[in-house]
Amino acid sequence: MIVRSKVTSVEPLACNTFRVLLHPEMNINFCAGQYLMVVMGEDDKRPFSIASSPCRHNGELELHIGAAEHNPYAQQVVELMTSALASGESITIDAPHGEAWIREESDNELLLIAGGTGFSYVRSILDHCISQKVTRPISLYWGGRDESQLYAKAELELIAAQNDNVRFIPVIEQSKPGWTGAIGNVLQAVSNDFATLENQDIYIAGRFEMAGAAREQFTADKQAKRENIYADAYAFM
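Every value quoted in this text rests on a predicted model; they were computed, and no experiment measured them.

A. Looking closely at the sheet that holds strand β2 (residues 17-24). The six strands lie next to each other as β4-β3-β6-β1-β2-β5, forming an open sheet whose pairing is antiparallel. Across the chains shown, the open sheet's two edge strands, defined by having one partner strand only, are β4 (44-49) and β5 (61-66). Strand-to-strand twist across the sheet, computed as the mean angle between neighbouring axes with direction ignored, equals 40°. Direction of pairing for β2 relative to β5: antiparallel, over a ladder of six bridges. Note that in β5 the partner of R19 across the bridge is H64. Across the sheet, helix α2 (residues 119-131) touches β4 and β5, and the angle it forms with β5 is around 150°.

Now the structure itself:
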């Protein structure tokens, strides 16, 4: 569905990472884990996960956009959003899209894995589960280069403290003294913690190569069921 939308906020979350709030001119029905596309031109639509939850977004859609200088693809979108916010003009979005939404009918445990701003994808799923009072065990692994990239770490630690069924494991590649989370590769951290993934529904967002590696490693080494591993990256691989 093509919809015009106002940009109501653009603010930094971390270095080169921005939270963007959009208010579409009509309500968009979506599932936790879906994405929208920002229309930059007739043949130029750029996908971003919807970070907000479908059950309590109040008509507003949240995006987390990593826009480093070497990533013009995302940086140009942030520039468009910033310009639209300043001018009051609307942008165009195409939503919803994606097949990797949460399967609420399943009884399996939930394993959410994110790399970088792929966190926005699992954030929508986690927030939806909490609002719907899901009692299944939920493990969220979030990997980044260093602690500064895990911009919602304090929020997730609070959520885990308030919900007995939620476990949050931050993973960074470069640590400083005092770091108490996991160190290294986020997929390796998952493998270290689970003897088997046979009874897990696994939701993954990050670089395409990470999603591909996860599916191959987890099915080969951890008895994960291929049909229970979800990532929109798989539609393009």
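B. Inspection of the sheet that holds strand β9 (residues 166-172) at higher detail. Spatial ordering of the open sheet is given by β10-β9-β8-β7-β11-β12, a layout of six strands whose pairing is parallel. Among the strands making up the open sheet, the edge pair consists of β10 (182-183) and β12 (229-230). Sheet strands touched by α2: β7 (109-115), β8 (138-144), β9, β11 (200-205) and β12. Its angle to β7, the strand with the most contacts, is close to 150°. In the packing of helix α5 (residues 208-221) onto the sheet, contacts are made with β7, β11 and β12, and the angle to β11 comes to roughly 160°.

C. Spotlight on the pairing of β9. Within β9, six of the seven residues are buried, leaving the element largely enclosed by the surrounding structure. Sheet analysis places β8 next to β9, joined by seven bridges and oriented parallel. Paired with G143 across the two strands is V171, which belongs to β9. Traced from β8 through helix α3 (residues 153-162) to β9, the parallel crossover comes out right-handed. Relative to β10, β9 runs parallel, the two sharing two bridges. Bridge assignment links I172 to a residue of β10, and that residue is I183.

D. Region of interest: the packing of aromatic side chains. Tallied over the entire structure, the rule returns six aromatic pairs. Residues W142 and Y151 carry aromatic rings whose centres are separated by 5.1 Å and whose planes lie at 85° to one another, so their mutual orientation is edge-to-face. By relative accessible area, W142 is classed as buried at 0%. Judged by centre distance (6.0 Å) and plane angle (20°), the rings of F208 and F236 are stacked. On the criterion of sequence distance, the pair formed by F208 in helix α5 and F236 in the segment after β12 is long-range, its members being 28 residues apart. By relative accessible area, F208 is classed as partly exposed at 42%. Looking at F236, the relative accessible area reads 56%, which means it is exposed. Against the face of Y73 rests R46, its NZ or CZ located 4.9 Å from the ring centre.

Cut-offs used in this document
- Going along each chain's sequence as written, the residues are numbered from 1 onward.
- At least 70 in pLDDT is required for a residue's local features to be given in this predicted model, at least 80 for side-chain atom pairs to be given and counted, and no such filter applies to totals for whole chains, interfaces and linings, which use all residues.
- Side-chain measures were taken over the full set of non-hydrogen atoms in the model, leaving aside hydrogen atoms and water.
- DSSP bridges decide pairing: two strands pair if at least two such bridges lie between them.
- Working definition: helices are DSSP H or I runs of at least four residues, strands are E runs of at least two. Numbering for both runs from the N terminus.
- Between the N-to-C directions of two axes lies an angle of 0 to 180 degrees, each axis being a line fitted to C-alpha atoms and, for a helix, fitted only over the stretch in contact.
- Contacts are residue-level and defined by heavy atoms, with any inter-residue pair within 4.5 Å sufficient.
- Think of it in three bands: residues with accessible area under 20% of the maximum for their type are buried, residues over 50% are exposed, and the middle band is partly exposed, with areas taken using a 1.4 Å probe on protein chains only.
- Assignment of crossover handedness uses the view with strands pointing away from the viewer, where a clockwise path from the first strand over the helix to the second indicates a right-handed crossover.
- Centres within 6.5 Å make a pair out of two Phe, Tyr or Trp rings, where for Trp the six-membered ring is used; the pair is then stacked when the planes are under 30 degrees apart, edge-to-face when over 60, and tilted otherwise.
- Think of it as a cone above the ring: NZ of Lys or CZ of Arg counts as a charge over the ring if it is within 6 Å of the ring centre and within 35 degrees of the ring normal.

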